[in-house]
Amino acid sequence: MERQFSIRQIMDEQGRIVEPEYREQITEELVMAMYRHLVRTRTFDRKCVSLQRQGRIGTYVPFEGQEACQVGSALALEDGDWMFPTYRDHGAMMTFGRTLTQTLLYWKGRTEGCIPPQGKKIVPPYVPIATQLPQAAGAAYAEKRKGTKNAVIVYFGDGATSEGDFHEGLNFASVFNVPVVFFNQNNQYAISVPITRQMKSKTIAQKALAYDIPGIRIDGNDIFAVYFHTKQALERARNGEGPTLIEAVTWRYGAHTTSDDPSKYRDQEESKRRRETTDPIMRLERFMQQEGFWDENWAIDIQEGVNAEVEQAVAEMERYPSANPEDMFDYVFAEPTWTIAEQKQAYMEWKRGMEG
Ligand SMILES: Cc1ncc(C[n+]2csc(CCOP(=O)(O)OP(=O)(O)O)c2C)c(N)n1
Ligand SMILES: [Mg+2]
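Keep in mind that this is a model prediction, so the values were computed, not measured.

What counts as what
- Residues numbered from 1 in each chain as written.
- Chains lettered and ligands numbered in written order.
- Predicted model: local features only at pLDDT ≥ 70, side-chain atom pairs only at ≥ 80, totals over all residues.
- Heavy atoms only, no water.
- Helix = DSSP H or I, 4+ residues; strand = E, 2+ residues; numbered from the N terminus.
- Buried < 20%, exposed > 50% of the residue type's maximum accessible area, 1.4 Å probe, protein only.
- Contact = heavy atoms within 4.5 Å.
- Areas by Shrake-Rupley, 256 points an atom, 1.4 Å probe, with all protein chains shown as cover.
- Lys, Arg positive; Asp, Glu negative; His and termini not counted.
- Charge placed at Lys NZ, Arg CZ, Asp CG, Glu CD.
- Pairing = 2+ DSSP bridges.
- Right-handed = clockwise from strand over helix to strand, strands pointing away.
- Axes fitted to C-alpha atoms, helices over the stretch in contact; angles between N-to-C directions.
- Parallel < 35°, antiparallel > 145°, perpendicular 65-115°, else oblique.
- Left-handed = near helix turned anticlockwise from the far one by under 90°.
- Nonpolar A, V, L, I, M, F, W, Y, C, P; charged D, E, K, R; others polar.
- Polar contact = N/O pair within 3.5 Å; in protein donor to acceptor, adjacent residues only side chain to side chain.

K.L.:
Looking at this structure, I do not really get the overall build of the chain. What am I missing?
P.N.:
Check the secondary structure of the chain and you find 12 helices and 8 strands. With the C-alpha coordinates aligned to their principal axes, the bounding extent of the chain is approximately 70 × 50 × 40 Å. Out of the 356 residues in the chain, the part that is buried amounts to 52%. For the chain, restricting intrachain contacts to residue pairs at least 6 apart in sequence, the fraction spanning at least 24 positions comes to 75%. Accessible area of the chain: about 16600 Å², with a carbon and sulfur share of 50%. The distance from the centre of the 42 positive side-chain charges to the centre of the 51 negative ones in the chain is 3 Å.

K.L.:
Please clarify how the pairing of strand S3 (residues 152-157) should be interpreted in this entry.
P.N.:
Taking burial as the measure, the 6 residues of S3 include 5 buried ones, the bulk of the element. Across 3 bridges, strand S1 (residues 82-84) lies against S3 in parallel orientation. Directly across from Trp 82, in S3, lies its bridge partner Val 152. Both S3 and strand S4 (residues 180-186) contribute to a ladder of 6 bridges, which runs parallel. By the bridge assignment, Val 152 is partnered in S4 with Val 180. As a crossover connection, the stretch from S3 through helix H6 (residues 164-175) into S4 is right-handed.

K.L.:
Looking at this structure, I do not really get the packing of helix H1 (residues 28-53) against helix H7 (residues 223-238). What am I missing?
P.N.:
Geometrically, a packed helix pair is captured by the angle between its two axes and the distance between the axes. H7 packs onto H1 with a crossing angle of 110 degrees between their chain directions and a minimal axis gap of 12 Å. On the basis of the axis angle, H1 is roughly perpendicular to H7. Considering only the axes of H1 and H7, their crossing is right-handed. Of the residues in H7, those touching H1 at Leu 30, Val 31, Met 34 and Leu 38 are Ile 223, Phe 224, Tyr 227 and Phe 228. By residue class, the composition of the contact of H1 with H7 is 8 nonpolar, no polar and no charged.

K.L.:
Got a minute to help me understand the side chain of Thr 86 in this structure?
P.N.:
As for its position among the elements, Thr 86 is in the loop between S1 and helix H3 (90-96). Among the polar contacts made by the side chain of Thr 86, one reaches the main-chain amide nitrogen of Arg 88 at a distance of 3.0 Å. In contact with Thr 86, other than residues within four places in its own chain, are Pro 125, Tyr 126, Gln 132, Tyr 155 and Phe 156.

If you want it as structure tokens, here you go:
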């Protein structure tokens, strides 16, 4: 199975193109956009960890190391497509059109952070693991019934494949042949549980066999592999050829969330080693250097522009008051259910007691 689903690369660790038939499609414009988004998402991510440590936002979920998966797949989308993200996929959301300010407001606990940006079908991030898969299959079914050319991308982690919803989502999508791309980021851990303790199968991609849909395993730190394979899967979807399962093999360098300490369950040397050998940004830089379109001054300009954009978004976020806990009862359903109404009342009584 590991041989049948071997990891595909278009660019190797040294930044060399190993699948020459893609070379022509890799334009300077595309590479520059990729590089800018990679730097932008990494800068934003590091800033958020710092803001959380200072108590300026709430718990935060970092994605450093997984930028190529998120940026590469989001750049492959068309404007009318749907995005169903998890709590770790704000890199993908920001690349597809959610603003930095809105992303920060989400992590500050403000409901404004959950409103899809104008004109983009970006669903608020899912925290309950794998629940987004059947829903994404449903959205894809709706697009199919309407006869549009819109496709759906749904993100999920390796841990999500242990949930029933993963199988239900794939089964539905397969039976109804709907336009959805199941984009798995296999960062090899579900919090502290390594992949070898989550499943006996050697790959996630092979699970596609059970649903008779294409399954491919790619190097998730190779932005070209992510971009081109996602684009092909989206094309298949648009052409009525149904769903695809993509397993992008990657690694998160840091903690699961800002309340996690990874040194408790894994050797920190592994992240250090991967940073030095397979980092997605370093690889693209190497490629650009070899191709002769790396320019130090341009890279400095990109970094400075991104720093200014991030600082401006932080300033905007800080103009909002801190989260209002009452909001969480008001935006679950259009009309609150009796259980939610009761919980809100209990909260309000507790709050009055605290104030009095
Ligand atoms: C239904 C459900 N069960 C348990 C949790 C607690 N939980 C939060 S993140 C997580 C691990 C998910 O791992 P994975 O799918 O690999 O995604 P990653 O966090 O690595 O991106 C778990 C078990 C949850 N959020 N939802
Ligand atoms: Mg994981």
